[in-house]
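Summary of the model geometry
Residue strings, one per chain:
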Amino acid sequence: MHPSSTASGVSPIDGPYAWLRLAISLVLGTIGGAGMWAVIVVLPSVQAEFGIDRAGASLSYAATLVGVAVGNVVVGRAIDTVGYWRPALISCLALGSGFILASLAHSNMQFVLAHGFLIGIGTAANFGPLIADISHWFQRRRGVAVAVAAAGNYIAGTIWPALMPWAIEAEGWRFTYAGIGVICLFTMIPLILLLRRPAPHEAFSVEGNAKPMLASSLSPRALQVLLVIAGLACCVAMSMPQVHLVAYCMDLGYGMARGSEMLALMMAAGIVSRIGSGFIADWIGGVRTVLLGSILQCLALLLYIPFDGLASLYVVSLVFGLSQGGIVPSYAVVIREYLPAKEAGQRVGIVITATILGMALGGWMSGWIYDLTGSYAAAFLNGIGWNLLNIFVMLTILSQSRRRAQVAA
């Protein structure tokens, strides 16, 4: 009997083990997501200790994003070949050791290299490859499963920045970083070893569980390119408030604390949006879910321009979080709907890489526009422009799908 099947011969897809695997994936995403958020919290402490400027201190965050981007492609391709747990185990070792080595850094360059080559690549396995893997275990609730697995990243962004300041204040950033590394190694390795069961590809093909791929007049390569453009564009737009909201509030005179509260509110709303989008994707499909989220995100960005009062900004930030949270994981649903399952890890990894690069580009571009104009108004308009590009791409994919369906009929 193939290991993808249970002892009774019943398909594991949508079964009890699939839900257990999803719960483990959510915990892994939450713990491993520390790699994306920890560097933001320790940035002022590292800047002060190494005596560098803010731009130099920010290199570690940029290096982390580059590592995550590369890791999503490399690890994603690996799981298509050998399954999830082996690449994930290697990534976990990189993540934990990266935090420990970063805590021992004697210079900013050593700190940056630890983030780029170890923490960033180690973090990657807990997002794109993770949601690609969980998509193999669900059919009826695939959208929900993908969204829940992806929510771990946002939960990490809520929990780690809240806990780390306590440890930093008591023991310093080096102790905190070393502690995170130890936590990652001792908690994630046992969880990853529980995921050694291979993806149930045979259960799909043999037992008649497979949902046929949706038809499109676009070639797989063309669809992949369009999804990369869409992922880049939506995240350039998404990064505007996520990266610059605190600075925007300080410019308006509301202070850092108020801006941080708005950002936390946005992230919490993003968790709700991310999980809710899974139910929506199971109902209307991945492309329409991305399109709906992108339209709502565009409207929320537009609201930031006229409404800059304190209470208004809390409300708009809540609306923005509820709008954008489900866009990125829905790309994985689109890929599983239109492209072969055996290529899911690599293809999801490529699109997730595009979204990460979009966040990096958008964060820098918004700051550059602010320097040129002296305000964030033009930066919001720039985000809206990129958002419209995303909407156009998703409408193109949707129209090509309909055309093929009509021809087939």
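Criteria and thresholds
Residues numbered from 1 in each chain as written. Predicted model: local features only at pLDDT ≥ 70, side-chain atom pairs only at ≥ 80, totals over all residues. Heavy atoms only, no water. Helix = DSSP H or I, 4+ residues; strand = E, 2+ residues; numbered from the N terminus. Buried < 20%, exposed > 50% of the residue type's maximum accessible area, 1.4 Å probe, protein only. Areas by Shrake-Rupley, 256 points an atom, 1.4 Å probe, with all protein chains shown as cover. Patch = residues over 30% accessible without salt bridge, like charges linked within 9 Å, V, L, I, M, F, W, Y side chains within 5 Å. Salt bridge = Lys/Arg side-chain N within 4 Å of Asp/Glu carboxyl O. Axes fitted to C-alpha atoms, helices over the stretch in contact; angles between N-to-C directions. Left-handed = near helix turned anticlockwise from the far one by under 90°. Contact = heavy atoms within 4.5 Å. Nonpolar A, V, L, I, M, F, W, Y, C, P; charged D, E, K, R; others polar. Expected span 1.5 Å × (residues − 1). pLDDT = per-residue confidence, 0-100. Phe/Tyr/Trp six-rings, centres within 6.5 Å; stacked < 30°, edge-to-face > 60°. Lys NZ or Arg CZ within 6 Å of the ring centre and 35° of its normal. Core = buried A, V, L, I, M, F, W, Y, C linked by side-chain atoms within 4.5 Å.

**Re the overall build of the chain**
Of the regular secondary structure elements, the chain holds 16 helices and zero strands. Its C-alpha atoms give the chain principal-axis dimensions of roughly 60 × 45 × 30 Å. A buried classification covers 53% of the 409 residues belonging to the chain. Counting every atom, the chain has about 16900 Å² of accessible surface; 70% of that belongs to carbon and sulfur.

**Looking at a nonpolar patch on the surface**
A cluster of nonpolar side chains, contributed by Leu292, Ile295, Leu296, Leu299, Leu302, Ile305 and Leu381, occupies part of the molecular surface with about 570 Å² of accessible area. As for its placement among the helices and strands, Leu381 is situated in helix H16 (residues 377–408).

**Describing unusual backbone geometry**
Even without glycine at this site, Asp14 takes up a positive phi of about 65 degrees. With respect to the helices and strands, the residue Asp14 is situated in the segment before helix H1 (16–32). The buried category is assigned to Asp14, whose relative accessible area is 12%.

**Quick word on the packing of helix H2 (residues 34–50) against helix H7 (residues 142–171)**
Two elements in contact, H2 and H7, have axes separated by 8 Å at closest approach and are oriented at 35 degrees. Taken as a pair, H2 and H7 cross one another with a handedness that is right-handed. Residues Ala34, Met36, Trp37, Ala38, Val41, Val42 and Ser45 of H2 pack against Asn153, Ala156, Gly157, Trp160, Pro161, Met164, Pro165 and Ile168 of H7. In the contact of H2 with H7, the residues fall into 12 nonpolar, three polar and no charged.

**Points about the pattern of salt bridges**
Scanning all chains against the criterion turns up five salt bridges. Close ionic contact of Asp14 with Arg140 constitutes a salt bridge, the shortest N to O distance being 3.9 Å. Pair noted here: Asp14 is in the segment before H1 and Arg140 is in the loop between helix H6 (128–135) and H7, with a separation of 126 residues, a long-range link. You can call Arg140 exposed: its relative accessible area is 59%. In this structure, Arg174 and Glu49 form a salt bridge, with 2.6 Å as the shortest nitrogen-oxygen distance. Of this pair, Arg174 sits in helix H8 (residues 173–193) while Glu49 is found in helix H2, placing the two residues 125 residues apart along the sequence. For Arg174, a relative accessible area of 26% puts it in the partly exposed group. Of the residues examined, Glu49 reaches a relative accessible area of 42% and is grouped as partly exposed.

**Comments concerning H8**
If you check H8, its first and last C-alpha atoms are 30 Å apart, about what 21 residues at 1.5 Å a residue would give, namely 30 Å. Every buried residue belonging to H8 is among Trp173, Thr176, Tyr177, Ile180, Gly181, Cys184, Met188, Leu191 and Ile192, and all of these are buried. As for H8, its buried residues are in contact with H1, H2, helix H4 (85–103), helix H5 (108–124) and H7.

**Regarding the confidence of the model for the chain**
Taken residue by residue, the chain gives an average pLDDT of 87. The fraction at 70 or more is 91%. pLDDT under 50 marks residues 1–8. Its contacts with residues more than four places away, or in other chains, come to 15 contacts. Considering only residues more than four positions removed or in separate chains, one finds that residues 403–409, a stretch of pLDDT under 50, has three contacts.

**Side note on the packing of aromatic side chains**
Summed over the entire model, instances satisfying the criterion amount to 13 aromatic pairs. Its end group placed over the ring of Tyr17, Arg197 keeps NZ or CZ at 3.9 Å from the ring centre. One cation-aromatic arrangement involves Arg274 over Tyr154; the distance from NZ or CZ to the ring centre is 4.0 Å.

**Quick word on H1**
The end-to-end C-alpha separation of H1 is 24 Å, in line with the 24 Å expected for 17 residues at 1.5 Å each. Buried within H1 are the following residues: Tyr17, Ala18, Arg21, Leu22, Ile24, Ser25, Leu28, Gly29, Thr30, Ile31 and Gly32.

**Brief notes about the packing of H7 against helix H14 (residues 327–338)**
Close contact between H7 and H14 brings their axes to 9 Å; oriented N to C, the two are set at 145 degrees. Like other packed secondary-structure pairs, H7 and H14 cross with a definite hand, here right-handed. Two secondary-structure elements touch here, H7 through Arg142, Gly143, Val146, Ala147 and Ala150 and H14 through Pro329, Ala332, Val333 and Arg336. Considered class by class, the residues forming the contact of H7 with H14 number six nonpolar, one polar and two charged.

**Points about the environment of Ala341**
The residue Ala341 is located in the loop between H14 and helix H15 (344–373) in this model. Assessed through its relative accessible area of 22%, Ala341 is described here as partly exposed. A C-alpha to C-alpha distance of 29 Å links Ala341 and Thr64, two positions 277 residues apart in sequence.

**Brief notes about the nonpolar core**
Phe111, Tyr177, Leu227, Tyr331 and Met394 are the most contacted members of the largest nonpolar core, which has 110 residues in total. Looking at which element gives the most residues to this core, the answer is helix H10 (residues 220–251), with 12 residues. If sequence neighbours within four positions are ignored, Leu227 has contacts with Tyr331, Val334, Ile335, Val351, Met394 and Ile397.

**Focus on the environment of Ser107**
Secondary-structure assignment places Ser107 in the loop between H4 and H5. Along the sequence, Ser107 and Gly51 sit 56 residues apart, while their C-alpha atoms lie 9.8 Å from each other.

**Brief notes about the environment of Ile119**
Along the polypeptide, Ile119 turns up in helix H5. Look at Ile119 and you get buried, because its relative accessible area is 0%. For Ile119 and Ala94, which are 25 residues apart along the polypeptide, the C-alpha to C-alpha distance reads 6.4 Å. Discounting residues that sit within four places of it in the chain, Ile119 has contacts with Gly35, Ala94, Leu95, Gly98, Phe99, Ala102, Ala114 and Tyr177.

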